[in-house]
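These are the residues of each chain, in order.
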Amino acid sequence: MRISVIGCGYLGAVHAACMAKLGHEVVGIDVDSRKIAELAEARAPFYEPELDALLKEVQETGRLTFTTDMSAAEGSSIHFICVGTPQKKGENAADLSYVDAAVTELLPYLSPGDLVVGKSTVPVGTAARLSDAVQGQETEAHLVWNPEFLREGHAVSDTLHPDRFVYGVSDGSEDHPAVAALDEVYALPLSAGTPRLVTDHPTAELVKTAANSFLATKISFINAMAELCEAAGADVTRLADAIGMDDRIGRKFLNAGIGFGGGCLPKDIRAFMARAGELGADQALTFLREVDAINMRRRTRVVELSRELCGGSLMGKRITVLGASFKPESDDVRDSPALSIAAQLQLQGAIVTVTDPKALANAAKRFPELHYETSSEKAVQRADALLLLTEWQEYRDLDPYELVTSVSTPRILDGRNVLDSAKWRAAGWSYRGLGRP
Ligand code: UGA
């Protein structure tokens, strides 16, 4: 099939490459000429495992091209909208200007029967608002909402082998012509057994925000338990192991630590609350305010623990922060808890050095005032305390016996509860986890 993908960021670049991998002829379109130039040379403009290799592979087949010219969408029968929906400045609501602009600019290039497929995370009601324009008499195209559930760091495999597909069509019916067309797009994963659900527009939009809200709630739940474990002298990692053995609860997303960040969970729960307010259903989501508050409290808690670890004062203490991205296997620093903690520590008088295998360039753009060191060996030299804030494998694998000779004082705060505390203590370190004795 001929497919256009509008918006080539973390979502769209991966989606375009994966659609080409599924055998389609794809054009990726973005207003950012720098991004397009890199993608056209088969280089991902951000770090995502497997993406560079996939871009190379599919571009060699000639099935994937990139351009800044929207008219290139003409002739495709499926148009995926993959632009960002960031949080509005100073407000909880989502900024829909990129989605609106993408759809408006696409309209002149639609042919009768085309599908416009929204993948961006949008407030419920957006599809209904956009569908008049897309499904109007002039275009005779169809609008589908087909949310994306990929995780950064696993984006390629999540797109090629998703848990499920959700198609939100105007009448919510299996017989809607968009269903057969999307089935053709996703024929390979569907034939491999990926389930798909057909819903109406608002349900499909809500599935996405509900899923992210549930994940955020799970993380804040275990972080609330971490607060309690600290107060009671219990161990939240053992608690998570034990409650997670109940199938109904499950162990995934029960890792207590410095909390969630990134370009999705934090802004999605806020936009969800804002939208619920507009719909007169704000009470239904007031719990998300608490989820957000618990999450933000983690960052303050880590600053306090770091002060304790450093003997009561941060002033002039050399602190090395291991990890800057919001999660491992990503160079994304949007709302990264690690960086926000690093900046707080520096404000409070510590001399902070941040290291990360992939995210330092992005980190330096957001927080130019912090000091960055690419080599983790150099970054830890003469440190008064280490803070493991993003659990990259190379930090999980650090050898406490080797490291003890590099630092000034062997103190470590394990912000993700991934280290073997007994081993670190045996090697002479003052070890602090979060919600662990
Ligand atoms: C999230 C969802 O997991 C995806 O399903 C969704 O498609 C995506 O948002 C999106 O809306 O586009 P992502 O932002 O890539 O994906 O990251 P997650 O893996 O969900 O992690 C989010 C944050 O939670 C990270 O900062 C991570 O460190 C933190 N986290 C995760 C915890 O603190 N504890 C956990 O147990 C799990």
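Treat the numbers as computed from the prediction; the structure is a model and nothing was measured.

Caption draft 1: Inspection of the environment of Gly 153 at higher detail. Considering the arrangement of structural elements, one finds Gly 153 in the loop between strand 6 (142-145) and helix 6 (155-160). Along the primary structure Gly 153 and Thr 217 are separated by 64 residues, whereas in three dimensions their C-alpha atoms are 21 Å apart. Residues contacting Gly 153, with those up to four places away along its chain left out, are Glu 48, Pro 49 and Glu 329.

Caption draft 2: Quick peek at the domain arrangement of the protein chain. With domains assigned, the protein chain is organised as domain 1 (2-194) and domain 2 (294-433). Put simply, the middle of domain 1 and the middle of domain 2, counted by C-alpha atoms, are 37 Å apart. Contact with domain 1, which involves seven residues of that partner, is made by 10 residues of domain 2. Area buried by domain 1 at its contact with domain 2 is led by Tyr 10, Tyr 47 and Glu 152, which between them contribute 82% of it. Linking domain 1 with domain 2 are one salt bridge. With a shortest N-O distance of 3.2 Å, Arg 334 and Glu 152 are connected by a salt bridge. Run the count over domain 1 and domain 2 and you get six residue pairs in polar contact (both at pLDDT 80 or more).

Caption draft 3: Layout of the sheet that holds strand 10 (residues 351-355). Taken in spatial order, the six strands make up an open sheet running 11-10-9-12-13-14, and their pairing is parallel. Among the strands making up the open sheet, the edge pair consists of strand 11 (371-372) and strand 14 (430-432). In this structure, strand 9 (residues 318-322) lies alongside strand 10, joined through five bridges in parallel fashion. Bridge pairing in strand 10 links Leu 322 to Thr 355. Contacting strand 12 (385-388), strand 13 (411-414) and strand 14, helix 12 (residues 286-309) runs over the sheet at an angle of about 165 degrees to strand 13. Sheet contacts for helix 13 (residues 337-347): strand 9, strand 10, strand 11 and strand 12; angle to strand 10, the most-contacted strand, approximately 160 degrees.

Caption draft 4: Structural context of the nonpolar core. Met 19, Leu 55, Leu 64, Phe 80 and Leu 182 are the most contacted members of the largest nonpolar core, which totals 45 residues. Per element, the largest residue contribution to this core is seven residues, and it comes from helix 1 (residues 12-21).

Caption draft 5: Highlighting the site of the ligand. Close contacts around the ligand come from 21 residues, with Leu 150, Glu 152, Lys 208, Asn 212 and Phe 326 the closest. Taking Leu 150, its main chain carries an N or O atom lying 2.7 Å from an oxygen atom of the ligand. Measuring from an oxygen atom of the ligand, one finds a backbone N or O atom of Phe 326 at 2.8 Å. Its free accessible area being 720 Å², the ligand has 90% of it covered by the protein chains. A total of four residues in the shell around the ligand trace back to one element, the largest contributor, which is helix 9 (residues 201-232). Looking at side-chain class alone, the shell around the ligand contains 10 nonpolar, four polar and seven charged residues. When residues of the shell around the ligand are assigned to domains, at least three fall in each of domain 1 (2-194) and domain 2 (294-433).

Caption draft 6: Representation of the packing of aromatic side chains in the model. Counted by the stated rule, this structure contains six aromatic pairs. Their ring planes at 45 degrees and their centres at 6.4 Å tell us that Phe 80 and Tyr 186 sit as a pair that is tilted. Separated by 106 residues along the polypeptide, Phe 80 in strand 4 (residues 78-81) and Tyr 186 in the loop between helix 7 (177-185) and helix 8 (187-191) bring together distant segments of the chain. A relative accessible area of 0% places Phe 80 in the buried class. Take Tyr 186: its relative accessible area is 2%, and that puts it in the buried class. Here the guanidinium or amino end of Arg 164 rests over the ring plane of Phe 149, the centre of that ring lying 3.6 Å away.

Parameters and conventions
Residues numbered from 1 in each chain as written. Predicted model: local features only at pLDDT ≥ 70, side-chain atom pairs only at ≥ 80, totals over all residues. Heavy atoms only, no water. Helix = DSSP H or I, 4+ residues; strand = E, 2+ residues; numbered from the N terminus. Contact = heavy atoms within 4.5 Å. Domains from an automatic or database assignment. Buried area = accessible area lost by both parts, 1.4 Å probe. Salt bridge = Lys/Arg side-chain N within 4 Å of Asp/Glu carboxyl O. Polar contact = N/O pair within 3.5 Å; in protein donor to acceptor, adjacent residues only side chain to side chain. Pairing = 2+ DSSP bridges. Axes fitted to C-alpha atoms, helices over the stretch in contact; angles between N-to-C directions. Core = buried A, V, L, I, M, F, W, Y, C linked by side-chain atoms within 4.5 Å. Buried < 20%, exposed > 50% of the residue type's maximum accessible area, 1.4 Å probe, protein only. Near = heavy atom within 4 Å. Areas by Shrake-Rupley, 256 points an atom, 1.4 Å probe, with all protein chains shown as cover. Nonpolar A, V, L, I, M, F, W, Y, C, P; charged D, E, K, R; others polar. Phe/Tyr/Trp six-rings, centres within 6.5 Å; stacked < 30°, edge-to-face > 60°. Lys NZ or Arg CZ within 6 Å of the ring centre and 35° of its normal.

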